Amino acid sequence: MSTTPRTIFSLTTLLIAALCVHGQNSSVKIMSWNLLNWPSVSQSIQDSTNRCPDYRTVVQYEEPDILVTQENATTYSTTWFLNSVMNASGPVYSQGTYIHGQDTNNGIFYKDSLFNFVSNVRITTSLRDISQFTMVFKPTSDTILIYSVHLKASNGSSNEQQRAEEVDALRVVTDALPSGTDFIVVGDFNIYGSFESAYQKLLQVHSGTDGRFYDPLNLSGTWNNPSYRFFHTQSTRLNSLNGGSFGGMNDRFDMILLSRAVTEPTGVYYHPGSLTPVGNDGNHFDESINYGTNTAVPV
């Protein structure tokens, strides 16, 4: 799987990872992307003119097999994104069922030549819903569950506590899954380091269950430091833009974490080393990702 942070504008970074299917010469790319309040109802014309071309540039370059998005803001957000971005060059993608909750919401887009969409089940929290997307890989009939999260933002003990409570709601669901289930969680976690309770709860072993997650990067300590600069996913810009975070590339908020089954080379499994923050060349710590020269991706 890989995480794709892009070289862009009003967006947070993207993550991409590759999943392989045992017994098949198959590798699929899953991408997670916080779209930043898409679309802005008050700036719909500007979004169409300014943001859609940038979104298209990213999608056409990466060609994800599955794209999971956060911060879909309206009931028509995913349909607009499907028609204006994902299928701008032809009918390649379909979208899964969209559930409009009390805050911004999750979306999923997939190549229907490869996948069948089964369901979107909401997991409610005190802020934003977590989505459980069930997908079936057509060539092998393997099923994978994809959880999309956008946890409470900002530092401070109260925000950390709320993130931990949101993870508790997720773990209730994953702990109830049969042992050996293929599942992953993607999204914007807003976690600042391995010291946070939310992160520890994601990885925590619960006796008699197989619901914990594994971090393919396994980074310890505070992630906002230059030694982890190759793994940062936000912010892609130095200055404020349309309400998005700013201050340059210095945080690892976006992640893709794996179930035990996905870490093992049977059925659906993660291709080691494929987790990538697209557009982050490691040379833009505390800088806009498109400042000067970027060696990770084309202009």
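Residues numbered from 1 in each chain as written. Predicted model: local features only at pLDDT ≥ 70, side-chain atom pairs only at ≥ 80, totals over all residues. Heavy atoms only, no water.

Asker: Teacher, can you tell me more about the sheet that holds strand β7 (residues 115-123) here?
Answerer: Think of a sheet as strands paired side by side through backbone hydrogen bonds, with each pair either parallel or antiparallel. What the five strands build is an open sheet, ordered β7-β8-β9-β10-β11; its pairing is mixed. In the strand order of this sheet, the two ends are held by β7 and β11 (254-258), each with one partner. Across the sheet, the mean angle from the axis of one strand to that of its neighbour is 20°, orientation sign disregarded. As paired elements, strand β10 (residues 183-188) and β11 share five bridges and run antiparallel to each other. Paired with Ile184 across the strands is Leu258, a residue of β11. Strands in contact with helix α3 (residues 157-175) are β7, β8 (130-137), β9 (142-150) and β10; relative to β9, the strand with the most contacts, it is inclined by about 165°. (Pairing = 2+ DSSP bridges. Helix = DSSP H or I, 4+ residues; strand = E, 2+ residues; numbered from the N terminus. Axes fitted to C-alpha atoms, helices over the stretch in contact; angles between N-to-C directions. Contact = heavy atoms within 4.5 Å.)

Asker: What's the story with the nonpolar core in this structure? I'm lost.
Answerer: The nonpolar side chains of a soluble globular protein tend to be buried, and buried together. Residues Tyr147, Leu170, Val185, Phe189, Ile191, Leu202 and Leu257 are the most contacted members of the largest nonpolar core, which totals 24 residues. When contributions to this core are tallied by element, the ones reaching two or more residues are β9, α3, β10, α4 (197-203) and β11. Among the nonpolar cores identified, the runner-up in size contains 21 residues, and Ile66, Ile108, Tyr110 and Phe117 belong to it. (Core = buried A, V, L, I, M, F, W, Y, C linked by side-chain atoms within 4.5 Å. Buried < 20%, exposed > 50% of the residue type's maximum accessible area, 1.4 Å probe, protein only.)

Asker: What exactly am I supposed to notice about the pairing of strand β4 (residues 66-72) here?
Answerer: Each regular strand shows side chains that alternate between the opposite faces of the sheet. Buried residues dominate β4, accounting for seven of its seven residues. Between strand β3 (residues 26-38) and its parallel partner β4, the chain crosses via helix α1 (residues 44-62), and the hand of that crossover is right-handed. (Right-handed = clockwise from strand over helix to strand, strands pointing away.)

Asker: In this structure, what is going on with the environment of Asn106? I would like to understand it.
Answerer: Mapping Asn106 onto the fold places it in strand β6 (residues 105-111). Judged by relative accessible area, which is 3%, Asn106 ranks as buried. As a C-alpha pair, Asn106 and Asp168 span 62 residues in sequence and 19 Å in three-dimensional space. If we ignore the near neighbours within four places in the chain, the residues touching Asn106 are Thr69, Gln70, Asn72, Tyr98, Asp129, Ile130, Ser131, Phe133, Ser148 and Val149. One polar contact links the side chain of Asn106 to the main-chain carbonyl oxygen of Asp129, over a distance of 3.2 Å. Polar side-chain contacts of Asn106 include one of 3.1 Å to the side chain of Ser131. (Polar contact = N/O pair within 3.5 Å; in protein donor to acceptor, adjacent residues only side chain to side chain.)

Asker: Would you explain unusual backbone geometry in this entry?
Answerer: Glycine aside, the phi torsion of most residues is negative, and most peptide linkages are trans. Note that the residue after Trp38, namely Pro39, is joined by a cis bond; omega there is -15°. Note on placement: Pro39 falls in the loop between β3 and α1. Cis geometry marks the peptide bond from Gln234 to Ser235; its omega dihedral reads 0°. Tracing the backbone through its elements, the reader meets Ser235 in the loop between α4 and β11.

Asker: Looking at this structure, how should I read helix α2 (residues 77-86)?
Answerer: Helical geometry note: an α-helix holds 3.6 residues per turn, so side chains three or four residues apart project in the same direction. With eight of ten residues buried, α2 lies mostly within the body of the structure. Along α2, the residues that are buried comprise Ser77, Thr78, Trp80, Phe81, Leu82, Ser84, Val85 and Met86. As for α2, its buried residues are in contact with β3, α1, β4, β5 (93-95) and β6.

Asker: Honestly, the packing of aromatic side chains in this entry has me stumped. Any pointers?
Answerer: Two aromatic rings, taken as a pair, are described by how far apart their centres are and by the angle between their planes. As enumerated under the stated definition, the model contains 13 aromatic pairs in all. Relative to Phe109, the ring of Phe81 lies with its centre 5.4 Å away and its plane at 45°, an arrangement referred to as tilted. Pair noted here: Phe81 is in helix α2 and Phe109 is in strand β6, with a separation of 28 residues, a long-range link. For Phe109, a relative accessible area of 0% translates into the label buried. Each member of the aromatic cluster is reached from another via a ring pair, and the members are Trp33, Trp38, Tyr55, Tyr76, Trp80, Phe81 and Phe109. (Phe/Tyr/Trp six-rings, centres within 6.5 Å; stacked < 30°, edge-to-face > 60°.)

Asker: Even after reading the chapter, I still don't get the packing of α1 against α2, so can you show me in this structure?
Answerer: Between two packed helices, what matters for the description is the angle formed by their axes and the separation of those axes. Two elements in contact, α1 and α2, have axes whose closest approach is 9 Å; the angle formed by their N-to-C orientations is 60°. One way to sum up the angle between α1 and α2 is to call them oblique. Read as a crossing pair, α1 and α2 show a hand that is right-handed. Here Ser44, Asp47, Ser48, Cys52, Tyr55, Arg56 and Val59 of α1 lie close against α2, whose contacting residues are Trp80, Phe81, Ser84, Val85 and Met86. Looking at the contact of α1 with α2 residue by residue, the class counts come to seven nonpolar, three polar and two charged. (Parallel < 35°, antiparallel > 145°, perpendicular 65-115°, else oblique. Left-handed = near helix turned anticlockwise from the far one by under 90°. Nonpolar A, V, L, I, M, F, W, Y, C, P; charged D, E, K, R; others polar.)

Asker: Got a minute to help me understand the side chain of Asp281 in this structure?
Answerer: Here Asp281 shows up in the segment after β12 (268-270). Lacking a salt bridge, the buried Asp281 has Arg229 as its closest oppositely charged neighbour, with an N-O distance of 8.0 Å. Of the polar contacts made by the side chain of Asp281, one reaches the backbone nitrogen of Asn283; its length is 2.9 Å. In this structure the side chain of Asp281 is engaged in a polar contact, spanning 2.8 Å, whose partner is the side chain of His284. (Lys, Arg positive; Asp, Glu negative; His and termini not counted. Salt bridge = Lys/Arg side-chain N within 4 Å of Asp/Glu carboxyl O.)

Asker: Honestly, the pattern of salt bridges in this entry has me stumped. Any pointers?
Answerer: Once their charged atoms are close, side chains differing in charge can pair, the charge on each being opposite to the other. All chains considered together, the criterion is met by eleven salt bridges. Close ionic contact of Glu62 with Lys29 constitutes a salt bridge, the shortest N to O distance being 3.0 Å. Remark: Lys29 occurs in strand β3 and Glu62 occurs in helix α1; sequence separation between them is 33 residues. By relative accessible area, which is 9% here, Glu62 ends up buried. Residue Lys29 is classed as partly exposed on the basis of its relative accessible area of 24%. Between Asp168 and Lys201 there is a salt bridge, with its nearest N and O atoms 3.0 Å apart. Note that Asp168 is positioned in helix α3 and Lys201 in helix α4, a separation of 33 residues in sequence.

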